[in-house]
Every structure is written in C-alpha cells, then in structure tokens.
Amino acid sequence: MSLRGKACIVGAYEHPLRKAPGHSVARLHAEVAAGALADAGLTKDDVDGYFCAGDAPGLGPIDMAEYMNLTRLRHVDATDTGGSSYLLHVSHAAQAIAAGKCDVALVTLAGRPRSSGTATGTRPRSWGPDIPNDAYELPYGRTVAAAYALVAARHMHEFGTTSEQLAWVKVAASHHAQHNPQAMLPQVVTVEDVVSSPMVSDPLHRLDCCVISDGGGALVVARPEIARRLNRPVITLRGAGEAVKHQEAGGIDLTYSAGRRSGAAAFAEAGVSPADIRYASIYDSFTITVVVQLEDLGFCEKGRGGAFVADGNLISGVGRLPFNTDGGGLCNNHPANRGGMTKVIEAVRQLRGEAHPAVQVPGCHLALAHGTGGLLGTRHGSATLILERA
Amino acid sequence: MMAPAPDPDSAPFLQAAREGRLLIGRCLDTGRAFFYPRAISPFTLSSNVAMEAASGRGTIYSVTVMRARPAYAVAYVELEEGPRIFTNIVDCDLDALRIGQAVRVLFRPAEDGQPLPVFTPA
C-alpha cells in the first residue's frame, strides 16, 4: 500500500517559549496540542488518534490522553526513535488513516531540558535502564557531542571536508534565524565566528552545535476528505520512509546515516527526485548532521556535502537548496532535545506560504522534512517525509 | 570513568577485563567475530557463541577529543580481529592522535574499581 495522498497535515504549531520553568511537561504538550488543533480549525473532540514519544510523561498515550481528556481515541502509537519520532508519527498516522483506524491524528512533542539544566551534549547520559550497549560506551564518556564528532572526524579524513565547510551550515541557519523573533540565536554569524568558537569535541565547535531549549510542537494529520473541508491550504503526504542504523555488531561505518534508506524509500513512494524539492528541513543537531544527511538523501554525491553547503547554498534566496528557514535547531529551537517536530512544522509553513517573507521560498509546492534520532555516531533512527501542496 | 552497570550479558566481558583480557564475541555458526559481546549471535540469533580474548592490537578508525575538564579522547578502534569498538585513547598527546594510528590495549579502573579496556598508541 502506498501512502501517497492518503493523509494531510492540517494543523501545525510551535510553542513560542524557549524557556518554560513554570510549565509542567504535560501542560506544554497540551498547549501545543491546542495550538495545532486551533490552527486546523478542529477541537480536541475531533481527535481519534494520538501519537507521542519518550518525551511525553509516563505511559505517554495513556497519561497524556487523561491530562488532555481525549475521550474518543481509537488508535495510539508511542513509537520512539528519539528526535526523528514525530516524522515517523506522521507516516504512521497516514498508515492508520489509510487503514481506517482513525480520521484525525494528533502528534505532540514537548519538554524542558533547558529549565532542568540538562547537560544535553557534554555529559555521558543513559537513555534508560537495561540498555545492552551502555556498559561498553558510557564508561568511555560517550557524550552526544563526541558521538557526532566521531562522524565529523571520519568525514574529514575520508572526504577532505573542512571546518569552514561545516561552519557554512550554521551561517545559513543564522541568516534565517535573524527573521525569527522567537529564535534563541538570532544573530547572523560568519564562518570565522563558528571556527573560532570554543572547541567542544574536535572537530565540532560550540557553534557547530544546536541550542538547548524548552518548548514543543504539535501536528494534526487528517483524512484528505476532512482536510478539504477545513479552511487551510491542503498539505498532502506524498512519500515517507524510515530506517534504523547501528553498529552492526562491530562493523559500523560512520560515513553514512540511516537517511540513505529512509530517503530512498520516501523518494520512491513520492515518485520524485531530490532535484524536484524546493525546500528541505534537515535535522541539524550539529552542522555535520546536515552534511551527512544531504549526501544520504541524494542532494549531492557522498563525500561532496561539505562543498555543497559552502558559500551560502542553503540560504533562502541565495542558494540552490533553502533549508531550515526558521533557523533550525542550530539557531531557533530544539525542544526536548528532539528536533524532528520543528522540521515538519517549518516545512508546512513553507508549503502554505506562511514562512517569514524574508525566507519564504516562492512557489514552494514540494518540500522534504528529514530527521534523525539517537546518535549518528553509534545508533539512530531516521525518517523522511515528502510533502506537497495540492 | 563511569562504572558499568551490572548486566548478565556484559558479566563475562567485565570478568575478563579483571583478568587483563579484552573479550570479543565469536559466532560459531558463521565464524565471524562481533562486538559488543552478547549472549546471542548478532548474525544468526542463535546462542551458539563463544567469547574469546582479542589480541589487543588495532588502529584508530575515528577519534575526537572531548574538551571536558579534564579532556579525554573518545575513539572507535578497529581491532585486528575486525570489529570496531567504542573506547578511549589514553597515555598520549591528545592533540597528536590520528585516524589510522596503531594502538594497543591496556586496562584502567572505572569509578568502582572495575578494570576496563582502553587503548594507547602502540
């Protein structure tokens, strides 16, 4: 069964807060849910499918359904692949809608790592109990930054990628963030600013890293017949793919990501190619994340990602592939340390023509949103969505 | 070093480390080496596996210096037997570490005294 045309994104909402010490995590989830439903012109009592991941409190679908008093649910899904979860949720919601299991699916993400002082990228952290790889990695100081730095170091070794090329990803994001009044880092930065910022984990500098923020976001996915009745542009799912990549029993290859498979699946289902994409939301936990994924998605050859992102090629109105026009995780927002939700939201804004006028891609009818979750340097999930405006 | 949480799967690896050996897994169905060690074969899912001591020789596949206080080097080392393993490089000039460099195993105690394999330039 193809998902092409089977479901539409009818509501999208990003929480305006970047620091929310007075909000519970449950309240943040409920506020983004309310925002996305209002955006769609629906109410909570229209929701019969609910999707959330590990950022939701407790037994997510149960505890959050109670908090929001969702009483009509007939389909729930708590698939957790870290920051990519919400892209998988859109795909899984489309599957459920196509199978008749629900009509209006709500997807929420929220958290407050900033208020809780989480050393997100620079302290070794376990994701939970009984994880079989922890004994072999946490004692060695496996931080998020180090895991991505290992990918960057190998990419530089194999392909000659430079710190200056990586820096261009941050520079492009900052050019977009200057137009976003809610962005955490709205200042335009230069390549020199990035490469002279303090080293976090060689070769990644502080400005190669994303922000740490509270907040969240939500999406509403609905059956096309419902989408056409609502007073919003109809944004249809055209293709989706998901994949998981890990150490493969000791055979890890750091030069590529799971995006190679999730992207190929999404493009095949959509029947389009990277050259057709007018705007791309690309997960940007670090600058290297973007470079590797652009290659794996087929926007350029493997190993040429550094050259591809250089000289402003990702800047809207300047380069060939406008990306993360909200400023992305690198400059705007990375709520709950999970950036997949905001990738979809900005793609929806672009397709509706509702991005900031300074970064809106003219005639944006076909967009890609791609996320990874977990650690690129050890194990991660990824998902790719191709969305179109009807 | 953070102490490894006890786990039935990693117990043989930790016991071997106390005896100064770096343990890897071997699938007896396919003859292939694997890491990390576990009770089932990652190639066939059978429990027809053996644990064996690696030579402790390898080369750096990728390396980064985490600029914490104190700074430390995180690496994947490709063992002579094949598997690439997540580890630290110690007793070295952190800024001189290079991909492709030859390294050899040694053992360092974690916070709880449990010795763990790490590597140093050969």
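Chains are numbered independently. Their residues run from 1 in the order of the written sequence. Chain labels run from A onward and ligand labels from 1 onward, assigned in the order the entries are written. In keeping with the model being predicted, local features are shown solely for residues with a pLDDT of at least 70 and side-chain atom pairs are shown and tallied solely at 80 or more, while totals for entire chains, interfaces and linings include all residues. Values reported for side chains reflect all heavy atoms of the structure, with hydrogen atoms and water molecules removed beforehand.

Taking an unreviewed UniProt entry as the reference, chain A is identified by name as Thiolase domain-containing protein belonging to Muricoccus vinaceus.

Enquirer: Is there a simple way to explain the packing of helix 5 (residues 144-159) of chain A against helix 10 (residues 287-297) of chain A in this structure?
Expert: Two packed helices can be described by the angle between their axes and the distance between those axes. All names here are of chain A. Axes, fitted as lines to C-alpha atoms, cover a helix only where it is in contact. Angles between the N-to-C directions of the axes lie from 0 to 180 degrees. Where helices and strands are cited, they refer to DSSP runs of H or I of at least four residues and of E of at least two residues respectively, numbered from the N terminus. Helix 10 packs onto helix 5 with a crossing angle of 60 degrees between their chain directions and a minimal axis gap of 9 Å. Of the possible angle classes, the one that applies to helix 5 and helix 10 is oblique. Relative to helix 10, the crossing made by helix 5 is left-handed. On the side of helix 5, the interface is formed by Tyr 148, Val 151, Ala 152 and His 155, while helix 10 contributes Ile 288, Thr 289, Val 291, Val 292 and Glu 295. Looking at the contact of helix 5 with helix 10 residue by residue, the classes come out as six nonpolar, two polar and one charged. Convention used here: angles under 35 degrees read as roughly parallel, angles over 145 as roughly antiparallel, angles from 65 to 115 as roughly perpendicular, and any remaining angle as oblique. By definition, any crossing whose near helix is turned counterclockwise from its far helix by less than a right angle is left-handed, and any crossing with a clockwise turn is right-handed. A contact between two residues is defined here by any heavy atoms of the two lying within 4.5 Å. Charged means Asp, Glu, Lys or Arg here, nonpolar means Ala, Val, Leu, Ile, Met, Phe, Trp, Tyr, Cys or Pro, and polar covers whatever is left, Gly included.

Enquirer: Explain helix 5 of chain A here, please?
Expert: The α-helix winds at 3.6 residues per turn, so residues separated by three or four positions along the chain end up facing the same way. Residue and element names in this part refer to chain A. In this scheme, a helix's expected span is set at 1.5 Å multiplied by one less than its residue total. Given a rise of 1.5 Å per residue, 16 residues ought to cover 22 Å, and the 23 Å separating the end C-alpha atoms of helix 5 matches this to within 8%. The element helix 5 is extensively covered by neighbouring structure, given that twelve of its 16 residues are classed as buried. Directly beyond the C-terminal end of helix 5, a positive phi value near 75 degrees is found at Gly 160. Classification of residues uses two cut-offs on accessible area relative to the type maximum, computed with a 1.4 Å probe and protein chains only: under 20% is buried, over 50% is exposed, and between them is partly exposed.

Enquirer: Explain empty space enclosed by the protein to me, please; I cannot follow it from the model alone.
Expert: Taking a probe equal in size to a water molecule and rolling it over the atoms shows the remaining empty space. Residues and elements named next belong to chain A. Points on a 1 Å grid over protein atoms alone make up a cavity when a 1.4 Å probe fits among them but cannot get out, and a pocket when they form an open set with protein on both sides within 12 Å along at least five of seven lines; lining residues each have an atom within 4 Å of a point. Grid points are joined across faces, edges and corners, and a volume is the space filled by probe spheres set on the points. In total, this model carries one cavity of 30 Å³ or more according to the counting rule given. Its volume calculated, the largest cavity comes out at about 40 Å³. Around the largest cavity sit Arg 123, Arg 125, Trp 127, Arg 142, Thr 143, Val 144 and Leu 375, which together line it.

Enquirer: Explain the layout of surface pockets here, please?
Expert: Looking at the second largest pocket, its volume works out to about 350 Å³. Contributing to the lining of the second largest pocket are 21 residues, with A:Pro139, B:Met1, B:Pro70, B:Tyr72 and B:Asn88 lying nearest its centre. Those elements that provide at least two residues to the lining of the second largest pocket are strand 5 (72-79), strand 6 (84-89) and strand 7 (102-109) of chain B. For the lining of the second largest pocket, the residue count by class is 15 nonpolar, three polar and three charged.

Enquirer: I keep staring at the side chain of A:Ser84 and nothing clicks. Help me out?
Expert: All names here are of chain A. Within the secondary structure layout, Ser 84 lies in the loop between strand 3 (75-77) and helix 3 (85-98). Relative accessible area serves as the criterion here: at 0%, Ser 84 is assigned to the buried category. At 2.8 Å, the side chain of Ser 84 and the backbone oxygen of Thr 81 are in polar contact. Under this definition, polar contacts are N or O atom pairs within 3.5 Å; protein pairs additionally need one hydrogen-donor-capable and one acceptor-capable atom, and for neighbouring residues in sequence, both atoms have to be side-chain atoms.

Enquirer: Where do I start with unusual backbone geometry in this structure?
Expert: Among all residues except glycine, the phi angle is most often negative; among peptide bonds, the trans geometry is most common. A cis amide bond, omega 5 degrees, links A:Asp202 with the succeeding residue A:Pro203. Here the bond from B:Phe35 into B:Tyr36 is cis, since omega is 0 degrees, no more than 30 degrees from zero. Residue position: B:Tyr36 is located in the loop between strand 2 (33-34) and strand 3 (49-53). Its identity as a non-glycine residue notwithstanding, A:Asp311 has a phi of 60 degrees, on the positive side.

Enquirer: Got a minute to help me understand the pairing of strand 8 (residues 235-245) of chain A in this structure?
Expert: A regular strand places its side chains on the two faces of the sheet in alternate fashion. All names here are of chain A. Burial analysis of strand 8 places nine of its eleven residues in the buried class, the great majority of the element. Any two strands with at least two DSSP bridges between them are considered paired. Bridge count between strand 1 (residues 8-14) and strand 8: two bridges; the pairing is antiparallel. Note that in strand 8 the partner of Cys 8 across the bridge is Thr 236. Both strand 8 and strand 11 (residues 379-389) contribute to a ladder of ten bridges, which runs antiparallel. Across the sheet, residue Glu 242 finds its bridge partner in strand 11, namely Ala 383.

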